[in-house]
Amino acid sequence: MIQIKDFEEYKAMYAKSVSSPGQFWDEVASSFYWQKKYDNVLNWEFDSPTVKWFEGAKVNITENCIDRHLEKRADQTALLFEPNEPSDTAQSITYSALSKQVNKLANGLKKLGAKKGDRICLYMPMSPELAYAVLACARIGAIHSVVFAGFSSKSLADRINDASCKLLLTADGFYRGKKYIDLKTISDEALKQTPSIENVLVLKHSGKPISFDAHRDVWYHSLVETQSDQCPAEPMDAEDELFILYTSGSTGKPKGVVHTTAGYMVYAEYSFRNVFQYREGDIYWCTADIGWITGHSYIIYGPLLAGATTLMFEGTPTYPDAGRFWEVVDKYKVNIFYTAPTAIRALQAKGLEFVQKHNLSSLRVLGSVGEPINEEAWQWYHTHIGKGNCALVDTWWQTETGGIMISPLAGITKEKPTFATYPLPGIQPVLVDAQGEEIIGNDVEGNLCVKFPWPSMLRTTWGDHKRCKEVYFSAYKDKYFTGDGCKRDQNGMYRITGRVDDVINVSGHRIGTAEVENAINAHDKVVESAVVGYPHDIKGQGIYAYVIANAQVENPESFAAEIRAHITTEIGALAKPDKIQVVAGLPKTRSGKIMRRILRKVAEGVTDNLGDTSTLLDPTVVESIIDSRALVS
Ligand code: WT7
């Protein structure tokens, strides 16, 4: 296991990772438990793309997350669970208990007919059982597809169908803050259109009554209770799929990003240990949801691979009040705390009184992820949460990268607010210009690509390898394209400036504008729509929708409410537009392309100097859009 100790070592290690990548990764991989060691470290070409790490190995990630720790850590806490309601019972699960729970569920899944290669959908609350479920799938070689429990029944059905999942794991329901999410009812609705699902495993979590189909539904606890707590770990090939995770892109249809076993495992541990500078005995808390990649890599896999104690939180930053995060930090004496800029800004806006009630002296490392962190939020986090003496790591990465790519190493890399700073050893970022040429030198700006493979990179998009090639490997020859714009300063430090494609980042959630447009257009009162992002104080970006209705809109407020309700059922509440403006037309070029640049400016509040509009089919449409800004709801 490799843990960099100082900046000199970082530089040496980085240089080695570029000059001898095979040797470098062979050393990183040597600390894992391989049922059979690999023959080759790496085989790749970005043209198709084909990327194979640690070929020839037999390995199971759960033996590395659990079994190999049992000798030394059986009684150490693996998982801490803090419920939404502060007065509800918290849980502390040792490595030994985790092993039993995972094995019992793995045996239960087998009893339901699940086997290696089957896809299993997890639509669950942030409960310990979700962690067991992820690991139980990996134990038997089934491919997990976690769907964030805020998505609608339609989104859930689409994801189940895209991967032809055989089983669905869900729960009766749960509270997020004060809001009750009726998971079973939403699932039942989705299940009307998911022929591949054979059984539904239902966790009793809230205890509220639900409808239960005795032929299809099985109670989690009654299945698991009678199972053995021993279950052999399926021998997996290095490149066998570990999981699918859906994420939004430029087109209307979310894509299933596929991560495979060995490379993902190696990188999750390596990046966790090095970025956060994990120390034996640390209490580590990542506030993300397991429905996103951050939860996969840095609540479950990374920390457990490192033998750490990882805290899972079911609630929200502001329930019962805006001091909840800090209360939980004190309660568990958290040493490493990892959250999103949007949460920091939301809590900053509530005032310092919620922070000052708490001690926070256990904190040593703070992390940020999900979107560019603005200077003000960085300083507030550093000063008021870190008390000026915690390391602060701004970690840049993506669902597709599987793990943190560009980030300070806590306490080792000199920090610069709003900069993700330097790539981890093994990561070779490059900036490219509009012509696709690599931009050499410092104090430059361009599109961010990566020119050499890393172990946890996506391998394909489920069921559509062509799309993977087109989206990520075709824009620039022999490079992986991230979709982000980026600056490199005079010292070679990287600052990610945001997406350069039609993807917006709302509270750290990635949303494709085309996806929202499709949903709006499906409403029977809508002719057409265009969706853009605009700067939002708390969310980073807000969603702004321009909508052409098919009849006179008498009451824009109630029209907007209808559209929002419609999007909640089509996608989920997270994709609800913050602003909806009814317009008579959209600015289109003669070839019919919507000029989004103009719509983005108007959404920002800019109404003059809109740039060249001469190529528009009808330039007067712009004025009418500016005039109808009063119709925003
Ligand atoms: C996009 C990926 C990876 C975990 C959560 C989001 C943006 C992420 C940062 C950061 C600036 C960031 C990028 C990226 N992003 N982290 N530290 N600084 N931007 O995963 O949903 O796959 O979104 O989030 O735009 O492309 P995701």
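The structure this text deals with has already been given above.
Residues numbered from 1 in each chain as written. Predicted model: local features only at pLDDT ≥ 70, side-chain atom pairs only at ≥ 80, totals over all residues. Heavy atoms only, no water.

S.K.: What is the right way to read the overall build of the protein from this model?
M.R.: Assigned secondary structure in the protein consists of 20 helices and 31 strands. Relative to the globule expectation of 26 Å for 633 residues, the C-alpha radius of gyration of the protein, 24 Å, shows essentially globular dimensions. Dimensions of the protein, computed from the C-alpha atoms along their principal axes, are close to 75 × 65 × 55 Å. Classification of the 633 residues of the protein by burial places 61% in the buried group. Within the protein, residue pairs in contact and separated by at least 24 positions form 71% of the contacts whose partners lie at least 6 positions apart. Entry remark: accessible area of the protein is about 23,500 Å², with carbon and sulfur atoms responsible for 49%. (Helix = DSSP H or I, 4+ residues; strand = E, 2+ residues; numbered from the N terminus. Rg over C-alpha atoms; globule rule 2.2 N^0.38 Å. Buried < 20%, exposed > 50% of the residue type's maximum accessible area, 1.4 Å probe, protein only. Contact = heavy atoms within 4.5 Å. Areas by Shrake-Rupley, 256 points an atom, 1.4 Å probe, with all protein chains shown as cover.)

S.K.: Just checking my understanding: could you explain unusual backbone geometry for this structure?
M.R.: Most peptide bonds take the trans configuration, and most residues that are not glycine carry a negative phi. For the bond running from serine 48 to proline 49, omega is -15°, close enough to zero to count as cis. Residue position: proline 49 is located in the loop between β1 (40–45) and β2 (50–55). The step from tyrosine 319 to proline 320 runs through a cis peptide bond, and the omega angle for that step is -5°. Its place among the elements puts proline 320 in the loop between β17 (309–313) and α12 (324–332). Backbone geometry at threonine 421 places phi at a positive 65°, although glycine is not the residue there. When its relative accessible area of 0% is taken as the criterion, threonine 421 is described as buried. At serine 507, a position not held by glycine, the phi torsion is positive, near 50°. Inspection of the secondary structure puts serine 507 in the loop between β27 (503–506) and β28 (509–512).

S.K.: In this structure, what is going on with the site of the ligand? I would like to understand it.
M.R.: Taken together, 17 residues sit near the ligand, with Asp394, Thr395, Thr399, Asp484 and Arg510 positioned nearest. At 2.6 Å from an oxygen atom of the ligand is found a side-chain nitrogen or oxygen belonging to aspartate 484. Isolated, the ligand exposes 550 Å² of accessible area, and the fraction of that covered by the protein chains is 95%. Where the shell around the ligand is concerned, the elements lending two or more residues are α11 (293–305), β20 (391–395) and β26 (494–499). Looking at the shell around the ligand residue by residue, the classes come out as six nonpolar, six polar and five charged. (Near = heavy atom within 4 Å. Polar contact = N/O pair within 3.5 Å; in protein donor to acceptor, adjacent residues only side chain to side chain. Nonpolar A, V, L, I, M, F, W, Y, C, P; charged D, E, K, R; others polar.)

S.K.: Help me understand the side chain of serine 633, please; the structure alone is not making it clear to me.
M.R.: Along the chain, the position of serine 633 falls in the segment after α20 (620–627). Judged by its relative accessible area of 18%, serine 633 is buried. A polar contact is formed between the side chain of serine 633 and the backbone oxygen of proline 556, at a distance of 3.5 Å. When near neighbours in sequence (up to four residues on either side) are disregarded, serine 633 contacts Pro556, Glu557, Ala560, Arg564, Asp578, Lys579 and Ile580.

S.K.: Just to check I follow, could you spell out the packing of aromatic side chains for this structure?
M.R.: For any pair of aromatic rings, geometry is given as the distance between the ring centres together with the angle between the planes. Summed over all chains, the structure comprises 46 aromatic pairs. Their ring planes at 75° and their centres at 5.5 Å tell us that phenylalanine 325 and phenylalanine 337 sit as a pair that is edge-to-face. Here phenylalanine 325, found in helix α12, pairs with phenylalanine 337, found in strand β18 (residues 336–339); they are twelve residues apart in sequence, far enough to count as distant. Comparing phenylalanine 325 with phenylalanine 337, the two get one shared label, buried. Ring geometry for tyrosine 476 against phenylalanine 481: centres 5.2 Å apart, planes inclined by 80°, an arrangement best described as edge-to-face. (Phe/Tyr/Trp six-rings, centres within 6.5 Å; stacked < 30°, edge-to-face > 60°.)

S.K.: Got a minute to help me understand helix α10 (residues 261–276) in this structure?
M.R.: An α-helix turns once every 3.6 residues. As a result, residues three or four positions apart point the same way. Taking 1.5 Å per residue as the helical rise, α10 with its 16 residues ought to reach 22 Å, and the 23 Å between its terminal C-alpha atoms agrees with that figure. Extensive coverage of α10 is indicated by the burial of 16 of its 16 residues. At the C-terminal side of α10, glutamine 277 shows a positive phi close to 50°. (Expected span 1.5 Å × (residues − 1).)

S.K.: Please explain the sheet that holds strand β22 (residues 438–439) as it appears in this structure.
M.R.: Adjacent strands of a sheet pair through backbone hydrogen bonds, lying either parallel or antiparallel. Within the open sheet, the five strands sit side by side as β22-β21-β23-β25-β26. Their pairing is antiparallel. At either end of the open sheet lies a strand with only one pairing partner, and these are β22 and β26. Both strand β23 (residues 444–450) and strand β25 (residues 480–488) contribute to a ladder of six bridges, which runs antiparallel. If you follow glutamate 445 over to β25, its bridge partner there is lysine 487. (Pairing = 2+ DSSP bridges.)

S.K.: Any chance you could explain the nonpolar core here in plain terms?
M.R.: One recurring pattern in soluble globular proteins: nonpolar side chains tend to sit buried together. The biggest cluster of nonpolar side chains holds 173 residues, and the ones touching the most others in it are Trp34, Phe54, Leu109, Phe276 and Tyr301. For this core, the domains that each give at least three residues are domain 1 (65–72 + 95–234) and domain 2 (504–631). Apart from the residues within four sequence positions on either side, leucine 109 is in contact with Ala114, Ile120, Ala136, Cys137, Ile140, Leu167, Leu169, Leu201 and Leu223. By size, the runner-up hydrophobic cluster in this structure holds 29 residues, among which are Leu311, Ile344, Ile385 and Leu392. (Core = buried A, V, L, I, M, F, W, Y, C linked by side-chain atoms within 4.5 Å. Domains from an automatic or database assignment.)

S.K.: Whenever I open this one, the side chain of threonine 77 confuses me. Can you help?
M.R.: Locating threonine 77 in the fold gives a position in strand β4 (residues 77–82). A distance of 3.4 Å separates polar atoms of two side chains, one belonging to threonine 77 and the other to serine 92.

S.K.: In this structure, what is going on with the pattern of salt bridges? I would like to understand it.
M.R.: Think of it this way: side chains of opposite charge can pair up when their charged atoms draw near. Applying the stated rule across the entire model yields 34 salt bridges. The residue glutamate 438 makes a salt bridge to lysine 451 at a minimum N-O spacing of 3.7 Å. Within this pair, whereas glutamate 438 is found in strand β22, its partner lysine 451 is found in the loop between β23 and β24 (460–461), the two being separated by 13 residues in sequence. Given a relative accessible area of 33%, lysine 451 falls into the partly exposed group. With its nearest N and O atoms 3.6 Å apart, the salt bridge here joins lysine 466 to glutamate 470. (Salt bridge = Lys/Arg side-chain N within 4 Å of Asp/Glu carboxyl O.)

S.K.: Hey, could you run me through helix α19 (residues 596–604) in this one?
M.R.: For α19, the full list of buried residues reads Arg596, Ile598, Leu599, Val602 and Ala603. Buried residues along α19 cover an arc of 155° about the axis, so they all sit on one side. Among the structural elements, α17 (513–521), β29 (526–536), β30 (540–549) and α20 are those in contact with the buried residues of α19. Within two residues after α19, glycine 605 carries a phi angle of roughly 105°, on the positive side. (Arc of directions from axis to C-beta.)

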